[in-house]
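# Structural features, examined
Here are the chains, one letter per residue:
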Amino acid sequence: MNRHIAIYPGSFDPFTNGHMDIVQRGLEIFDTVVVAIAQNSEKNSLFSVAERVDMTTELVKDNPRVKVETFDGLLVDYVVAKEARVILRGLRAVTDFEFEFQLAQMNHTVCEQVETLFMMTSPSCAYLSSSIVKEVGKLNGDIRSFVPQLVADRLYEKFRQIG
Ligand code: ADP
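First, a word on scope: everything that follows refers to the structure included in this document. Since the model is a prediction, treat every value here as computed from it, not as a measurement.

## With respect to the packing of aromatic side chains
Inspection of every chain in the model, using the stated rule, returns five aromatic pairs. Relative to F12, the ring of Y8 has its centre 5.1 Å away and its plane inclined at 75°; by these criteria the two rings are edge-to-face. Looking at Y8, the relative accessible area reads 5%, which means it is buried. With relative accessibility at 3%, the residue F12 sits in the buried group. Ring plane angle 25° and centroid distance 5.8 Å describe the contact between F12 and F15, whose orientation is recorded as stacked.

Take a look at the structure:
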């Protein structure tokens, strides 16, 4: 069982500065942070899983301690397969709490050795979510302070493509 890996799961549709903040702070505690993109979040997503993997990989490519992977099915099964035991999640407003609480309880019940650790959002990212960035981007608003430049470019490109 590897105590030095944190699995950071989510949709990352797309990866924002809020996600980057959690990854960077996670690296202060863990040797490796695996950004695990959920394949079953494809349904209502703007970017395909392949596009998200490509973008996220590009963003973290300079840090060998960050890995980008995808997973299908139950998160705990993936965590166990990685021989990890920590799921890393970010918490913003109280509104995140209910769902995260339920998820963490469920995962711990299904697999006792897996623990979910939460990091409070940094104040500068407290209001940031992939959804809000997509909303603003769609309306041609300025999203450059919310996401890395690469993501901003791909978002505008995507909205141009789909009209
Ligand atoms: P999910 O669909 O699983 O919520 P997201 O990509 O929206 O996937 O988020 C992945 C994780 O990152 C979640 O734990 C979420 O709370 C966290 N997160 C997202 N945005 C922020 C932010 N601005 N600050 C802190 N944590 C965040």
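## Considerations on the pattern of salt bridges
For the coordinates displayed, the defined rule picks out eleven salt bridges. Between K61 and E58 there is a salt bridge, with its nearest N and O atoms 2.9 Å apart. Among the residues examined, K61 registers a relative accessible area of 53% and is labelled exposed. Its salt-bridge partner being R89, residue E100 comes within 2.6 Å of it at the nearest N-O pair.

## A look at helix α5 (residues 130-138)
Among all positions of α5, only S130, V133, K134 and G137 are buried. For α5, the angular spread of buried residues about the axis comes to 100°, placing them on one side. Against the buried residues of α5 lie α1 (17-26) and α6 (149-162). Among the residues trailing α5, N140 stands out with phi positive, at a value near 65°.

## Here we look at the environment of V147
Relative to the elements of secondary structure, V147 occurs in the loop between α5 and α6. On the basis of relative accessibility, which here comes to 2%, the residue V147 falls in the buried class. Among residues more than four places away in sequence, those in contact with V147 are F15, T16, N17, V133 and A152.

## Things to note about the side chain of K134
Examined against the element boundaries, K134 turns out to sit in helix α5. Since its relative accessible area comes to 18%, K134 is described here as buried. Reaching out from K134, the side chain makes a polar contact with the backbone oxygen of D13 at a distance of 2.9 Å. Residues contacting K134, with those up to four places away along its chain left out, are D13, P14, L46, L155 and F159.

## Notes on the site of the ligand
Lining the immediate surroundings of the ligand are 15 residues, of which Y8, S11, F12, G90 and C125 lie closest. The side chain of S11 places a nitrogen or oxygen atom 2.5 Å from an oxygen atom of the ligand. The side chain of H19 places a nitrogen or oxygen atom 3.1 Å from an oxygen atom of the ligand. When the free accessible area of the ligand is taken as 550 Å², the share hidden by the protein chains comes to 86%. Those elements that provide at least two residues to the shell around the ligand are β1 (2-10), α1 and β4 (84-91). Its residues assigned to classes, the shell around the ligand comprises six nonpolar, six polar and three charged.

How each quantity is defined
- Residues numbered from 1 in each chain as written.
- Predicted model: local features only at pLDDT ≥ 70, side-chain atom pairs only at ≥ 80, totals over all residues.
- Heavy atoms only, no water.
- Phe/Tyr/Trp six-rings, centres within 6.5 Å; stacked < 30°, edge-to-face > 60°.
- Buried < 20%, exposed > 50% of the residue type's maximum accessible area, 1.4 Å probe, protein only.
- Salt bridge = Lys/Arg side-chain N within 4 Å of Asp/Glu carboxyl O.
- Helix = DSSP H or I, 4+ residues; strand = E, 2+ residues; numbered from the N terminus.
- Arc of directions from axis to C-beta.
- Contact = heavy atoms within 4.5 Å.
- Polar contact = N/O pair within 3.5 Å; in protein donor to acceptor, adjacent residues only side chain to side chain.
- Near = heavy atom within 4 Å.
- Areas by Shrake-Rupley, 256 points an atom, 1.4 Å probe, with all protein chains shown as cover.
- Nonpolar A, V, L, I, M, F, W, Y, C, P; charged D, E, K, R; others polar.

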